[in-house]
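Here's the letter readout for the chains.
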Amino acid sequence: MFIVMVVMGWAWRTRESLPFITRPFQLIATPIESVSSRMVAAISSVTHIVQISLKNRIEWEALESQNATLQKKSIHYDEVVAENKRLKELLDFRDSHPSYQLVAAAVISRDYGTWSNTMMINVGSQHGITKNMPVVTPKGIVGVVVDVYRDSSRVQLLTDPRTSIGAIVQRAESRVSSVVRGNGNIPTEPQFVNIAKDADILVGDTLVTSGFSSIYPKGIPIGTIVSIHQRDSDFVKYAVIRPAVDFSRLEEVFVIVQATMEMSTEVPQVEPKLVPQTQRDKVEGVKGAAAL
């Protein structure tokens, strides 16, 4: 084998001078070399493609992980911003109502149905909470505490059919007062009921607590009148209101533990609004000049 290898090596080095030996050998070797070269090129190409694919896959997974991290940070940032906004509103409300002794609470559960609309908050008797304390947000009335436990309380919402709140029209030229009640048929639409047929109320009027009860201080927003309903045979009418509070988004509330007499008897200062006679006639059907 050694002699054969030496002879083949010598023959290859002297292939130009010994064509009768090298030429047949080259004719045989050329196709093999061509096929081998193609196979090596194909394998190299496939290997390159696989390497690029693996590299792209790794980069894609890294980018996907980075994107997920950024999304989490963005969601967390948005949540922090929303929470800061809510807390700022609560602090501003507390600062603007020094006559209210307030206890902050978080909503921990909700029970919204046809026959009852209540929620649970995370403060109870050990925080000084008792029954019949009003619950509010910076936007307006939420409801009243009906059950008290050591670390939690149940709040009956404004939209509960059992709820009745003394209300008064905030518009200075009206000041019509009556009662807002929850609507069992449509919980999202409480009603301003038992209003005299010729009473001066208009769509868009804002209702606030009248202060005629021992539960709710005067002047807290309740909602806005969105429609007025009456029949010719009735001596009274009622209005559907849109609550000032969005109950589907409640997260933090205040319980009014105590309100001083000075605050509870204060009459809100509202700039008188002139109501055109045509609008009054259209809504009320009452003839005569508008009271200013």
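Residues numbered from 1 in each chain as written. Predicted model: local features only at pLDDT ≥ 70, side-chain atom pairs only at ≥ 80, totals over all residues. Heavy atoms only, no water.

### Considerations on the sheet that holds strand E9 (residues 206-209)
Pairing between sheet strands relies on hydrogen bonds along the backbone, with the strands arranged either parallel or antiparallel.
Thought 1: Strand order around the closed barrel formed by six strands is E6-E7-E8-E11-E10-E9, with antiparallel pairing between neighbours. With strand direction ignored, the average angle separating the axes of adjacent strands in the sheet is 40°.
Thought 2: Judged from the six bridges that link them, strand E10 (residues 221-229) and strand E11 (residues 236-243) form a sheet pairing that is antiparallel. Bridging from a neighbouring strand, Thr224 pairs with Arg242 of E11. (Pairing = 2+ DSSP bridges. Helix = DSSP H or I, 4+ residues; strand = E, 2+ residues; numbered from the N terminus. Axes fitted to C-alpha atoms, helices over the stretch in contact; angles between N-to-C directions.)

### Some remarks on the side chain of Thr159
Thought 1: Following the sequence through the fold, Thr159 ends up in the loop between strand E5 (153-157) and strand E6 (164-169).
Thought 2: Under the relative-accessibility criterion, Thr159 is labelled buried at 6%.
Thought 3: Apart from residues lying up to four places away in sequence, Thr159 is in contact with Asn117, Gly182, Asn183, Pro187, Pro190, Pro243 and Phe247. (Buried < 20%, exposed > 50% of the residue type's maximum accessible area, 1.4 Å probe, protein only. Contact = heavy atoms within 4.5 Å.)

### Considering the pairing of strand E1 (residues 100-112)
Thought 1: Pairing geometry for E1 and strand E12 (residues 252-259), over seven bridges, is antiparallel. Counterpart to Ala105 in the pairing with E12 is Val253.
Thought 2: Across five bridges, E1 lies against strand E2 (residues 117-121) in antiparallel orientation. Counterpart to Ser109 in the pairing with E2 is Met120.

### Quick word on the sheet that holds E2
Thought 1: With respect to topology, six strands assemble into a closed barrel ordered E1-E2-E5-E4-E3-E12, the strand pairing being antiparallel. The mean angle between the axes of side-by-side strands here comes to 45°, regardless of whether they run parallel or antiparallel.
Thought 2: Relative to E5, E2 runs antiparallel, the two sharing four bridges. Paired with Met120 across the two strands is Arg154, which belongs to E5.

### Focus: the confidence of the model for the protein
Thought 1: Looking at the protein as a whole, the pLDDT averages 80, with 78% of positions reaching at least 70.
Thought 2: This model gives residues 262-268 a pLDDT under 50, and the stretch forms 12 contacts once residues within four places in sequence are excluded.
Thought 3: Confidence over residues 272-292 falls short of pLDDT 50; this stretch has 39 contacts with residues more than four positions distant or in other chains. (pLDDT = per-residue confidence, 0-100.)

### Concerning a nonpolar patch on the surface
Thought 1: A cluster of nonpolar side chains, Phe2, Ile3, Val6 and Val7, forms an exposed patch at the surface whose accessible area comes to about 440 Å².
Thought 2: Position of Val7 relative to the elements: it lies in helix H1 (residues 2-13).
Thought 3: With a relative accessible area of 45%, Val7 lands in the partly exposed category. (Patch = residues over 30% accessible without salt bridge, like charges linked within 9 Å, V, L, I, M, F, W, Y side chains within 5 Å. Areas by Shrake-Rupley, 256 points an atom, 1.4 Å probe, with all protein chains shown as cover. Salt bridge = Lys/Arg side-chain N within 4 Å of Asp/Glu carboxyl O.)

### Observations regarding unusual backbone geometry
The phi torsion of most residues other than glycine is negative, and most of the peptide bonds are trans.
Thought 1: One non-glycine residue with positive phi stands out, namely Arg175, at about 60°.
Thought 2: Here Arg175 lies in the loop between E6 and strand E7 (177-181).
Thought 3: Since its relative accessible area comes to 25%, Arg175 is described here as partly exposed.

### As for the pattern of salt bridges
Thought 1: All chains considered together, the criterion is met by seven salt bridges.
Thought 2: The partner of Glu61 in a salt bridge is Arg57, with the nearest N and O atoms 2.9 Å apart. With a gap of four residues between them, Glu61 and Arg57 both fall in helix H2 (residues 19-96), about one helical turn apart.
Thought 3: Its salt-bridge partner being Arg171, residue Asp205 comes within 2.8 Å of it at the nearest N-O pair. Of this pair, Asp205 sits in the loop between strand E8 (191-196) and E9 while Arg171 sits in the loop between E6 and E7, and the two are 34 residues apart along the sequence.
Thought 4: With relative accessibility at 1%, the residue Asp205 sits in the buried group.

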